[in-house]
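# Architecture and fold: a report
What follows is each chain in one-letter form.
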Amino acid sequence: KVTRTDIPSAQYGGRHAVTMLPGGGIGPELMTYGNDDLDYAITSIKRNGVALKGNIETKSQELSEVSRNVAIRNELDLYVNVVHCKSYPGIPARHQDIDVVLIRQNTDGEYAMLEHESVPGIVESMKVVTVENAERVARYAFEYARQNNRKKVTTIHKANIMKLSDGLFLECAKRVHKDYPELEHDNMIIDNTCMQAVSKPHQFDVMNMTNLYGTIVSNVLCGLMGGAGLISGRNYGDHYAVFEPGTRNTGTAIAGKNIANPVAMINASIDMLNHLGHKEHANVIYEATYQTIVNDAIRTPDLGGNHSSTDVVENILKILSAKRVNWPHG
Ligand code: ADP
Ligand code: MG
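Residues numbered from 1 in each chain as written. Chains lettered and ligands numbered in written order. Predicted model: local features only at pLDDT ≥ 70, side-chain atom pairs only at ≥ 80, totals over all residues.

Turning our eyes to something else, we now look at the site of ligand 1. Taken together, the neighbourhood of ligand 1 is formed by 16 residues, with Ala-228, Gly-229, Asn-249, Gly-251 and Asn-261 sitting nearest. Among the residues making up the shell around ligand 1, the classes are represented as six nonpolar, nine polar and one charged. (Near = placed C-beta within 6 Å. Nonpolar A, V, L, I, M, F, W, Y, C, P; charged D, E, K, R; others polar.)

This is the structure in structure tokens:
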């Protein structure tokens, strides 16, 4: 169940209704929408089955203020995050020709939000690993590898130090691997993974990671291939799917300047169209976006260009309007 088109999605009046969560920072200007109440948002995603979201900013360090991004993932049980890091040729980057699929446990681990000050001056933070979640993320990774003709899954951990928690995560991956004998499975310690990722990223194929290691490695890889503005990320559970920019940045510092790279958010909407079964429309938008940044070199400053966010979007729209595509509902 990798493409998950088996999930029934609501169609009101023949249209797919999807939930849009623009988040903070540059989210609203990329999606022209304001922030809304969290409960309402979750209810809306539950009704629609699908959402497109920006990253919601957690400004306060107050204990009562939980990350609404984490709350959404937990509430909807979006247990896996998939970030396909595939290079665009010719985009200025540390490495070219990267093609790595990052699969990350998305709901537990270090993101359990169970922190407390046991006595003044001593804080404890719980890292939770469960057999159920470790097995289903591993199964997702191996199933993805099988269905997409990948050869190898690498499980990332720190089981030499965190023997019980990361040890269990690794053990679950090894157990699930038994059902996929045609695939290679190896494992690597997170610190070495970061070193290997910056020096020899091409050795990786599919990676299976705990929550915190997953965010670190996805930011390292996205940074190596062109930054936060390019790559999208997909969050899946058994019932819902949420699409967003892969590195989950708010980009608050560049908000309101019309310089944010819109490609990661456009790629997230392409992922959403694919999920909803609109392959043809997903493909033409992908091709128009690819042509815009690769061939036409219409690029925002993060990619070394001097174009605005709207220049990129307008170029994509120009290419799309020249193509004969049947857009439903105009
Ligand atoms: P975080 O959300 O983790 O605090 P930031 O929002 O500060 O991270 O983003 C990290 C970096 O990535 C910043 O330098 C930001 O300008 C850059 N960035 C994030 N999104 C984009 C984007 N869409 N286009 C260009 N740069 C971006
Ligand atoms: Mg931020």
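Now that the structure has been shown, the text picks up again.
The end-to-end C-alpha distance of helix α5 (residues 165-177), which contains 13 residues, comes to 19 Å, matching closely the 18 Å that a straight helix rising 1.5 Å per residue would cover. Residues Ser-165, Asp-166, Phe-169, Leu-170, Cys-172, Ala-173, Val-176 and His-177 constitute the buried set of α5. The buried residues of α5 occupy an angular sector of 155° when the element is viewed end-on, so they sit on one face. On its buried face, α5 sits against α4 (131-147), β9 (152-157), β10 (184-189) and β11 (206-209). (Helix = DSSP H or I, 4+ residues; strand = E, 2+ residues; numbered from the N terminus. Expected span 1.5 Å × (residues − 1). Buried ≥ 20, exposed ≤ 12 C-beta atoms within 10 Å, placed from the backbone. Arc of directions from axis to C-beta. Contact = placed C-beta atoms within 7 Å.)

Here the focus is the environment of Val-82. Positionally, Val-82 belongs in strand β5 (residues 80-86). Each C-alpha atom of the pair Val-82 and Asn-106 lies 9.4 Å from the other, and the pair is 24 residues apart in sequence. With residues up to four places along the chain from it excluded, the contact list for Val-82 reads Val-101, Ile-103, Gly-233 and Arg-234.

So, on to the pairing of strand β13 (residues 241-245). Taking burial as the measure, the five residues of β13 include five buried ones, the bulk of the element. The pairing of strand β4 (residues 50-53) with β13 spans three bridges and is parallel. Along β13, the bridge assignment pairs Ala-51 with Val-242. Note that strand β12 (residues 232-236) and β13 share five bridges and pair antiparallel. (Pairing = 2+ DSSP bridges.)

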